[in-house]
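Descriptive analysis of the structure
Here are the chains, one letter per residue:
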Amino acid sequence: NGHETAAYLIQTAHAPGERLAYPSIGAVFALFKGADYKGLIPPYVVLTQPQGRFSEEGFLGPLYKPFATGGDPNAARFEVEGVVAKGITYERQKARSALRDDLDTMGMVMNGSNQLAVSADARKQAYELILGQARGVFDLSQEKDDLRNKYGRNTFGQSCLAARRMVEAGVPYIVINSPGWDTHSNHFATMRRQGPQLDQGVAMLLQDLHDHGLLDSTIVWCSGEFGRTPKVDWQPPWNGGRNHHGEVFTALVAGGGFKGGHVVGASDARAEEVKDRPVYPVDLLGSIYTLAGIDSTAKLAHPMGAEARVLPTAEEGAKSAGLLKEIM
């Protein structure tokens, strides 16, 4: 029932407190799907702020750390961290690059040492990200206003639209981090604001992926790290809040081979405990990995040579009720 431990469990399926810090599902996708991905945008992207509950790359290292865009896709200009500079136009960025080339009158970059050549290559890649096709992926002004309105003119809705554009660009794993659901107080007012935004954004994302012929090849899942207590806490200082509840909660999965229109499992009448067909983190992540063509039993390279696999096994104490065969 703690944010950090629950987030780690739901995104790695490994129990918190083990001797190894395992990578999140996004880092695993970057590892297994990033090798075939040739795009300039990093293979694991978070819109817009890092989730921050644990080190998501784990022992895989910084190469598999998520790239957090920053900025606000609902703003007039989506200022992506390190790609779209605040207060600097595209034309000015382009002029800066040209000036840099003009100043290199002796051809130092082209004819210098290997170290200069490596630096030049890194600079070229950086400017391709800032000025090339990758930059256009984040330019939501290329979309019609009618479509943008259908997603919802708010940060979450426009993040969903940005995610669809990144799916088109082939980015292997994208997270939309939607904060503000920790409703210990003012639960009902918060839900009246956030619930409709979530419904509209996710529904339109699924529709738009379908319309672009991408839903069958794209897995969408929507979940928190735990649910909220069924009993509302009216005592001060909460005054109508719901607290952490990890015993039972729901997740939505769609696309990528999952069958729509089905519910797997059930809670009791009060939504306090699982009544029928439990689904554990290892079952959910294992099903996603299976449909994505990732071997969940594969070994992960550890810098110290420790034995590590994508998902824990029953021998390691992992609780499982089996993959989601009902909807696969």
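The structure we're discussing is the one just above.
A brief report on the enclosed structure follows. (Residues numbered from 1 in each chain as written. Predicted model: local features only at pLDDT ≥ 70, side-chain atom pairs only at ≥ 80, totals over all residues. Heavy atoms only, no water.)

1. Topic: the side chain of arginine 164
Of note, arginine 164 is situated in helix 8 (residues 155-168). Only 2.8 Å separates the side chain of arginine 164 from the side chain of glutamate 143, close enough to count as a polar contact. Residues within four places of arginine 164 in sequence aside, it is in contact with Glu143, Leu147, Tyr151, Leu205, Asp208, Leu209 and His212. (Helix = DSSP H or I, 4+ residues; strand = E, 2+ residues; numbered from the N terminus. Polar contact = N/O pair within 3.5 Å; in protein donor to acceptor, adjacent residues only side chain to side chain. Contact = heavy atoms within 4.5 Å.)

2. Quick notes on the sheet that holds strand 1 (residues 44-47)
Taken together, three strands build an open sheet; the order of strands is 2-1-3 and the sheet is parallel. Strands with a single pairing partner mark the edges of an open sheet, and in this sheet they are strand 2 (67-68) and strand 3 (173-176). For strand 1 and strand 3, the ladder comprises four bridges, and the chain directions are parallel. Residue pairing in the sheet places tyrosine 44 in a bridge with tyrosine 173 of strand 3. Along the sheet, helix 8 contacts strand 1 and strand 3; its crossing angle with strand 3, the most-contacted strand, is approximately 175°. (Pairing = 2+ DSSP bridges. Axes fitted to C-alpha atoms, helices over the stretch in contact; angles between N-to-C directions.)

3. Observations regarding the environment of glutamine 51
Residue position: glutamine 51 is located in the loop between strand 1 and strand 2. A C-alpha to C-alpha distance of 8.6 Å links glutamine 51 and proline 179, two positions 128 residues apart in sequence. Residues within four places of glutamine 51 in sequence aside, it is in contact with Gln11, Tyr44, Glu56, Val175 and Asn177. A polar atom in the side chain of glutamine 51 sits 3.0 Å from the side chain of glutamine 11.

4. Focus on the nonpolar core
By size, the foremost hydrophobic cluster in this structure holds 35 residues, and its most contacted members are Phe29 and Tyr289. Residue contributions to this core peak at six residues, all from helix 10 (residues 281-292). Those residues in contact with phenylalanine 29 that sit more than four places away from it in its chain are Gly34, Pro172, Tyr173, Ile288, Tyr289, Ala292 and Ile294. Of all hydrophobic cores here, the second largest spans 28 residues; its members include Tyr37, Val80, Phe138 and Met166. (Core = buried A, V, L, I, M, F, W, Y, C linked by side-chain atoms within 4.5 Å. Buried < 20%, exposed > 50% of the residue type's maximum accessible area, 1.4 Å probe, protein only.)

5. As for the packing of aromatic side chains
A full pass over the atoms with the stated rule returns seven aromatic pairs. Geometrically, the ring pair formed by tyrosine 22 and phenylalanine 59 is edge-to-face, given 5.5 Å between the ring centres and 65° between the ring planes. Here tyrosine 22, found in the loop between helix 1 (3-12) and helix 2 (25-33), pairs with phenylalanine 59, found in the loop between strand 1 and strand 2; they are 37 residues apart in sequence, far enough to count as distant. Across this residue pair, the class does not change: tyrosine 22 and phenylalanine 59 are buried. A network of ring pairs unites the aromatic residues Phe29, Tyr44, Tyr173 and Tyr289 as a single cluster. (Phe/Tyr/Trp six-rings, centres within 6.5 Å; stacked < 30°, edge-to-face > 60°.)

6. Looking at helix 1
A turn of α-helix holds 3.6 residues, and therefore any two residues three or four places apart point the same way. Of all 10 residues in helix 1, seven are buried, a share of seventy percent or more. Listing the buried residues of helix 1 in full gives His3, Ala6, Ala7, Tyr8, Ile10, Gln11 and Thr12. Elements in contact with the buried residues of helix 1: helix 2, strand 4 (220-222), strand 6 (244-245) and helix 10. With its phi angle positive at about 70°, alanine 13 sits one or two positions after the end of helix 1.

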